[in-house]
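Architecture at a glance
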Amino acid sequence: MVQHLEALNAVVVEVDTDGVMFQPPATSRNAEDEAALVAKVDALLGEGYTLAYEGRFAGVVALKLKSYGMLHYDGHVTLKGSALRSRRDEARLRQFARDLVPRLLVPERYGTARDLYLDQAQRIAEGQFDPRDIGRWESITDRTHGRTGNQRLAALASQADIGERLFLYQRAGGTLAL
């Protein structure tokens, strides 16, 4: 597949077990051209392989392995990948990733990543976020009470049952709170 795309002057960006991301050749000017390119490559693949056209983006940032931020042409950002969908992660972290993508790709339109980072740091330092925005879910397991690195969580969860989920955040002084 990679060889076929490259032979058609596409630049392969990422390949994994369930797909490929590539920059189409300069001769592809619209969605129809890109769909035609995908159909052409699909026809070259062996039996049992299918390359499907799932969309086009103004830009894509690989944030983690198999986790991407995709900037649509209308400015909307889609985060894709299990590393970016965890309910355990802070809501503010997901929003930061969503706000970061266009700044990395088109800073002249959306502002710089540096400015976003400094703004977030200042807002955190000034306590402007609600605990629900910066907190996270933790599941209480046997390991919660057995690992030395979990001492603060274990103290907070002393009355919780195994299997219970707690929503917690870290206070300015370093203590955890529910």
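Residues numbered from 1 in each chain as written. Predicted model: local features only at pLDDT ≥ 70, side-chain atom pairs only at ≥ 80, totals over all residues. Heavy atoms only, no water.

**As for unusual backbone geometry**
Positive phi, close to 70°, is recorded for Asn9, a residue that is not glycine. Here Asn9 is to be found in the loop between helix H1 (2-7) and strand S1 (11-16). (Helix = DSSP H or I, 4+ residues; strand = E, 2+ residues; numbered from the N terminus.)

**Points about the nonpolar core**
If you look at the biggest cluster of nonpolar residues, it comprises eight residues: Leu5, Ala10, Val20, Leu37, Val38, Val41, Leu45 and Leu51. No other element matches helix H2 (residues 31-44), which puts three residues into this core. The residues touching Leu5, leaving out its near neighbours within four places in the chain, are Ala10, Val12, Val20, Phe22 and Val41. Counting seven residues, the second largest nonpolar core, distinct from the first, contains Leu153, Ala157, Leu168 and Leu176. (Core = buried A, V, L, I, M, F, W, Y, C linked by side-chain atoms within 4.5 Å. Buried < 20%, exposed > 50% of the residue type's maximum accessible area, 1.4 Å probe, protein only. Contact = heavy atoms within 4.5 Å.)

**Concerning the packing of aromatic side chains**
Counting across every chain of the model gives one aromatic pair. Centre to centre, the rings of Trp137 and Phe167 are 5.2 Å apart; their planes meet at 65°, and the pair counts as edge-to-face. Here the residue Trp137 occupies a position in strand S6 (residues 136-139), and Phe167 occupies one in strand S7 (residues 165-170), the gap between them amounting to 30 residues. The class for Phe167 is partly exposed, based on a relative accessible area of 23%. Sitting over the face of the ring of Trp137, Arg165 holds its NZ or CZ atom 4.7 Å from the ring centroid. (Phe/Tyr/Trp six-rings, centres within 6.5 Å; stacked < 30°, edge-to-face > 60°. Lys NZ or Arg CZ within 6 Å of the ring centre and 35° of its normal.)

**Remarks on the pattern of salt bridges**
The final tally for this structure, using the stated rule, is six salt bridges. Note that Glu54 and Lys80 form a salt bridge whose closest N and O atoms lie 4.0 Å from each other. One end of the pair, Glu54, is in the loop between H2 and strand S3 (59-64); the other, Lys80, is in strand S5 (residues 77-80), and 26 residues separate them in sequence. Judged by relative accessible area, Glu54 falls into the exposed class, the value being 68%. A relative accessible area of 41% means that Lys80 is categorised as partly exposed. Note that Arg92 and Asp99 form a salt bridge whose closest N and O atoms lie 3.5 Å from each other. Arg92 sits in the buried class, given a relative accessible area of 16%. (Salt bridge = Lys/Arg side-chain N within 4 Å of Asp/Glu carboxyl O.)

**Looking at the side chain of Arg92**
Take Arg92: it is sitting in helix H3 (residues 91-105). Apart from residues no more than four positions distant in its own chain, Arg92 is found in contact with Asp99, Gln120, Phe129, Asp133 and Ile134.

**So, the packing of H3 against helix H5 (residues 113-125)**
Close contact between H3 and H5 brings their axes to 9 Å; oriented N to C, the two are set at 155°. Taken together, H3 and H5 sit at an angle that is classed as roughly antiparallel. Along this stretch, H3 crosses H5, giving a crossing that reads as right-handed. Side by side, H3 and H5 meet where Arg92, Phe96, Asp99, Leu100, Arg103 and Leu104 of the first sit next to Ala113, Asp115, Leu116, Tyr117 and Gln120 of the second. Its residues assigned to classes, the contact of H3 with H5 shows six nonpolar, one polar and four charged. (Axes fitted to C-alpha atoms, helices over the stretch in contact; angles between N-to-C directions. Parallel < 35°, antiparallel > 145°, perpendicular 65-115°, else oblique. Left-handed = near helix turned anticlockwise from the far one by under 90°. Nonpolar A, V, L, I, M, F, W, Y, C, P; charged D, E, K, R; others polar.)

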